[in-house]
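Commentary on secondary and tertiary structure
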Amino acid sequence: MSKPFFRIEMLPAKHGDALWIEYGTEELTRRILIDGGPINAWPEVSARLERLPAGDLGVELAVISHVDTDHIEGLVRLMAEPFQRWPIDPAEIWFNGWRHIDEATDLGGREGEFLSALIHRRAFERWNASFDGKAVCTGKLPGDAVELADGMRLTLVSPNAQSLAKLRKDWEKNLDKWQIDPGDLDAAWAQLVEENKFHPDAELTLGPDDLSDTLRSLLKGQDSGDANGSSIAFLAEFAGKSCLFLADAHAKVVCESLRDQGYTKAKPLKVDALKLAHHGSKNNITPELLELVNARHYLVSTNGDKFGHPNREAIEAVIQGSRRKPTLWFNYRSDHNIAWKAESLKPGAAFSTRYPAKGRSGIVVKL
Ligand SMILES: [Zn+2]
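Residues numbered from 1 in each chain as written. Predicted model: local features only at pLDDT ≥ 70, side-chain atom pairs only at ≥ 80, totals over all residues. Heavy atoms only, no water.

Structural notes on the packing of helix α4 (residues 110–122) against helix α6 (residues 167–176)
Remark: α4 packs on α6, axes separated minimally by 8 Å, with the N-to-C direction vectors making an angle of 90°. By the angle between their axes, α4 is roughly perpendicular relative to α6. Where α4 approaches α6, its residues Arg110, Gly112 and Glu113 are matched on the opposing element by Trp171, Asn174 and Leu175. Among the residues making up the contact of α4 with α6, the classes are represented as two nonpolar, two polar and two charged. (Axes fitted to C-alpha atoms, helices over the stretch in contact; angles between N-to-C directions. Helix = DSSP H or I, 4+ residues; strand = E, 2+ residues; numbered from the N terminus. Parallel < 35°, antiparallel > 145°, perpendicular 65-115°, else oblique. Contact = heavy atoms within 4.5 Å. Nonpolar A, V, L, I, M, F, W, Y, C, P; charged D, E, K, R; others polar.)

See below:
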């Protein structure tokens, strides 16, 4: 058997996330997709998915970490295609919808209902299958662990029941203005049918300039705090390599899970890579998190639009808090991250940086 590999592509998902993971051996490549980016990144994200070899569209797992538009819209767009035209064929889909929030005391907003309606009609039996169709949530499975094909082990660190339950209010408030009742998938489907941004006929051309004012207004102004807190986040381990994928999770929730799993400052979780939560926001990283996780590579997914991520404070915290000389990986060169390059080249710098080549976006991290 050839040497196993585990690589992560941070696709050019603008200010959002779309992470394409490949693992396995030369003979057989396995895949995981985490999030699909915002809809204006879909042309670039989908271009990657369409590069799969004909006849091999298999993906072990597609995860929609949470309902915020910079994570969910691309996958609403994907699933709004007839099933036969999906560029990938995921064996399982993780997404916490209203039915799961409801169950947690079970999620926010119109896109969440769109996605729920689509999964319900097109891939129901794949929905949160490892969790028996129930919420993807810590405390549900022994060791919070799921094993995918060929020994890829995922250990959930977020959300917990409380962070999932908190989403309820946001979800209801957002739906109120769209006149859909939470969990009314027929009503969501009917609105989705009218929202042709997500299913532009046969031509799959949808660029940023095609967005309606309605959709534009939908892309901002949501209080995302509770939604971020409901993020599905997990440790992925394969063939001795590992990455902690934090989506936009809250540090508090993640730390609580890590402590429950027995990690401490003295005995931290040692991983090859940590995908920083919330695009390197200073609001999603804490000294405690840096104490509990010992990583070598730090991954930041964002072009810096909208929120100016990553925050300087978050990157500084990583550089200062890392036990090993860290390498920072960025999937764009932006005004908000390029300064770190010069810093890393100074004599005695305690970290190094990796960027896409000039004029390019997206980056591949080989563990
Ligand atoms: Zn985000």
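Don't stop here, the text continues.
Some points on unusual backbone geometry
Residues serine 158 and proline 159 are joined by a peptide bond in cis, for which omega reads 0°. In this structure, proline 159 sits in the loop between β7 (153–158) and α5 (161–165). Cis rather than trans, the peptide bond between histidine 309 and proline 310 has omega equal to 0°. Within the secondary structure layout, proline 310 lies in the loop between β11 (293–300) and α12 (312–321). Positive phi outside glycine occurs at lysine 306, with the angle close to 70°. Within the secondary structure, lysine 306 is located in the loop between β11 and α12. A relative accessible area of 46% means that lysine 306 is categorised as partly exposed. (Buried < 20%, exposed > 50% of the residue type's maximum accessible area, 1.4 Å probe, protein only.)

As for the pattern of salt bridges
Under the criterion given, the structure shown has 17 salt bridges. In this structure, the salt-bridge partner of glutamate 316 is arginine 312, at a minimum N-O distance of 3.1 Å. Within this pair, glutamate 316 and its partner arginine 312 are both found in helix α12, separated by four residues, close to a single helical turn. The exposure class of glutamate 316 is partly exposed, given its relative accessible area of 30%. Taken together, the shared-partner salt bridges in this structure form one network comprising Arg7, Glu9, Glu22, Arg31, Arg48 and Asp56. (Salt bridge = Lys/Arg side-chain N within 4 Å of Asp/Glu carboxyl O.)

Some points on the environment of isoleucine 72
For isoleucine 72, the location among the structural elements is in helix α2 (residues 69–79). Relative accessible area serves as the criterion here: at 0%, isoleucine 72 is assigned to the buried category. Among all residues touching isoleucine 72, those that are not within four sequence positions of it are Gly37, Ile64, His66, Val67, Phe95, Glu111, Gly112 and Leu115.

A few points about the packing of aromatic side chains
Geometrically, a pair of aromatic rings is defined through the distance of the ring centres and the angle of the planes. Counted under the stated rule, the structure contains nine aromatic pairs. For the pair phenylalanine 83 and tryptophan 86, a centre-to-centre distance of 4.8 Å together with 70° between the ring planes defines the contact as edge-to-face. Overall, tryptophan 86 belongs to the buried group, its relative accessible area being 3%. Note on tryptophan 94 and phenylalanine 234: the rings are 5.9 Å apart at their centroids and 85° apart in plane angle, and the pair reads as edge-to-face. (Phe/Tyr/Trp six-rings, centres within 6.5 Å; stacked < 30°, edge-to-face > 60°.)

Details of the sheet that holds strand β9 (residues 241–245)
The sheet built from eight strands is open, its strands ordered β6-β7-β8-β9-β10-β11-β12-β13 with mixed pairing. Of all the strands in the sheet, the pair left with one neighbour each is β6 (145–147) and β13 (352–354). Pairwise comparison of adjacent strand axes, ignoring direction, gives a mean angle of 25° for this sheet. Two elements, strand β8 (residues 233–238) and β9, share five bridges in a ladder whose sense is antiparallel. Paired with phenylalanine 234 across the strands is phenylalanine 245, a residue of β9. Contacts from helix α10 (residues 251–260) reach β7, β10 (269–275) and β11 within the one sheet, and its direction differs from that of β7 by about 125°. Relative to the sheet, α12 contacts β11 and β12 (327–330), its axis offset from that of β12 by approximately 150°. (Pairing = 2+ DSSP bridges.)

So, the pairing of β12
Judged by which residues are buried, β12 turns out to be covered on both faces: Thr327 and Trp329 on one side and Leu328 and Phe330 on the other are all buried. As paired strands, β11 and β12 are joined by four bridges and run parallel to one another. Across the sheet, the residue bridging to tyrosine 298 is leucine 328, located in β12. Once the chain exits β11 it traverses α12 before rejoining the sheet at β12, and the crossover so formed is right-handed. (Right-handed = clockwise from strand over helix to strand, strands pointing away.)

Overview of the environment of proline 347
By the secondary structure assignment, proline 347 is in the loop between α13 (339–345) and β13. Placed 61 residues apart in sequence, proline 347 and threonine 286 show a C-alpha to C-alpha distance of 28 Å.

Don't take any of this as a statement about function, it's just geometry.
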